[in-house]
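One letter stands for each residue in the lines below.
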Amino acid sequence: MNDTQFIEVKKNILDHNDRIADAFRAERTKDRTFLMDIMGSPGAGKTSLLLALIAALRREGSPEIGVIEADLESDVDALKIKAAGIPSVELNTKGVCHVEMGMMKQAYSAFAGRKFDYLFLENIGNLVCPADFDTGCHRRVMLLSVPEGWDKVCKYPPMFGIVDALIVTKCDYLPLNPDFDMQALCDHARVLNPRLQIFVTSARTGEGIEEAAAWIRSQREEVLASQTK
Ligand SMILES: Nc1nc2c(ncn2[C@@H]2O[C@H](COP(=O)(O)OP(=O)(O)OP(=O)(O)O)[C@@H](O)[C@H]2O)c(=O)[nH]1
Ligand SMILES: [Mg+2]
């Protein structure tokens, strides 16, 4: 007799997380807060890009913007964001390699009811685990920096498959990396994800920042419009 039971632990955990994420997202839509999850490898340029994007978003109107900074350890990034005059909460995962909804809700509650037009999550630097966990955001983007190499799209396909936008960062390094094949990156990424938006940016020179910020504004408008339908 075969009495082996298979327990789908991962599926159950993810389903539970997804349900909480859907409810959280709906609440934030009601509040008119647009949430965006920023993912990418350690050092891909997440904090630098965030600072550049927030400066660009602030050039039009005066949106209320907040940031949740997730890290395995330290408050280095949260302090950088605060130093730029942006409300920020440090989400210290104590070694966990992704953010899930229990953490997200706790971090959000630390803003004590403050209302935002845009709320960004800088996820843990990791191209693998964060792809599995819905963080309750309206849009998810991933960063790939030029020094990492275009072939990461072949090695970490799930992340490329689930995001709304790919933001190539540190494009000022392109002249130093002649083997970075932008066309191959875009072709492979669009096979994995045909609806993917792609931006090529540099937080150092400002290239592509206005375009990415305009897309973020348009995504917020889209989310808010979906609520009034
Ligand atoms: N040349 C160049 N360097 C950049 C750019 N963006 C970030 N950097 C540098 O890359 C390094 C990492 O940038 P961060 O913004 O801290 O990257 P991160 O992804 O937030 O890093 P972690 O949070 O530690 O994973 C820093 O030395 C930045 O100055 C860019 O567009 N061009
Ligand atoms: Mg950072």
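Draft legend 1. Broad picture of the overall build of the protein chain. Looking only at helices and strands, the protein chain has 8 helices and 7 strands in total. In summary, the protein chain has a C-alpha radius of gyration of 18 Å against a globular reference of 17 Å for 229 residues, a match within 12%. Burial statistics for the protein chain: of 229 residues in total, 50% are counted as buried. Partitioning the contacts of the protein chain with sequence separation of at least 6, the portion at a separation of at least 24 is 72%. As displayed, the protein chain has an accessible area near 11,200 Å², and 54% of this comes from carbon and sulfur atoms.

Draft legend 2. Representation of unusual backbone geometry within the structure. With a phi close to 65°, arginine 32 is a non-glycine residue in the positive phi region. When you line up the elements, arginine 32 lands in the loop between helix H1 (9-30) and strand E1 (34-40). Residue classification places arginine 32 among the partly exposed positions, given a relative accessible area of 44%. Positive phi outside glycine occurs at lysine 94, with the angle close to 50°. Counting through the fold element by element, lysine 94 comes out in the loop between strand E3 (88-92) and helix H4 (101-109).

Draft legend 3. Region of interest: the coordination of the magnesium ion (ligand 2). Distances from the magnesium ion (ligand 2) to its protein donors, namely Thr47 (OG1), Asp77 (OD) and Glu122 (OE), fall within the range 2.0 to 2.2 Å. Spacing between the donor residues of the magnesium ion (ligand 2) along their common chain follows T-x29-D-x44-E. Within this pair, whereas threonine 47 is found in helix H2 (residues 46-58), its partner aspartate 77 is found in helix H3 (residues 76-83), the two being separated by 30 residues in sequence. For the pair formed by threonine 47 and aspartate 77, the shared burial category is buried.

What counts, and where the lines are drawn
Residues numbered from 1 in each chain as written. Chains lettered and ligands numbered in written order. Predicted model: local features only at pLDDT ≥ 70, side-chain atom pairs only at ≥ 80, totals over all residues. Heavy atoms only, no water. Helix = DSSP H or I, 4+ residues; strand = E, 2+ residues; numbered from the N terminus. Rg over C-alpha atoms; globule rule 2.2 N^0.38 Å. Buried < 20%, exposed > 50% of the residue type's maximum accessible area, 1.4 Å probe, protein only. Contact = heavy atoms within 4.5 Å. Areas by Shrake-Rupley, 256 points an atom, 1.4 Å probe, with all protein chains shown as cover. Donors = N, O, S within 2.8 Å, 3.2 Å for Na, K, Ca; no water.

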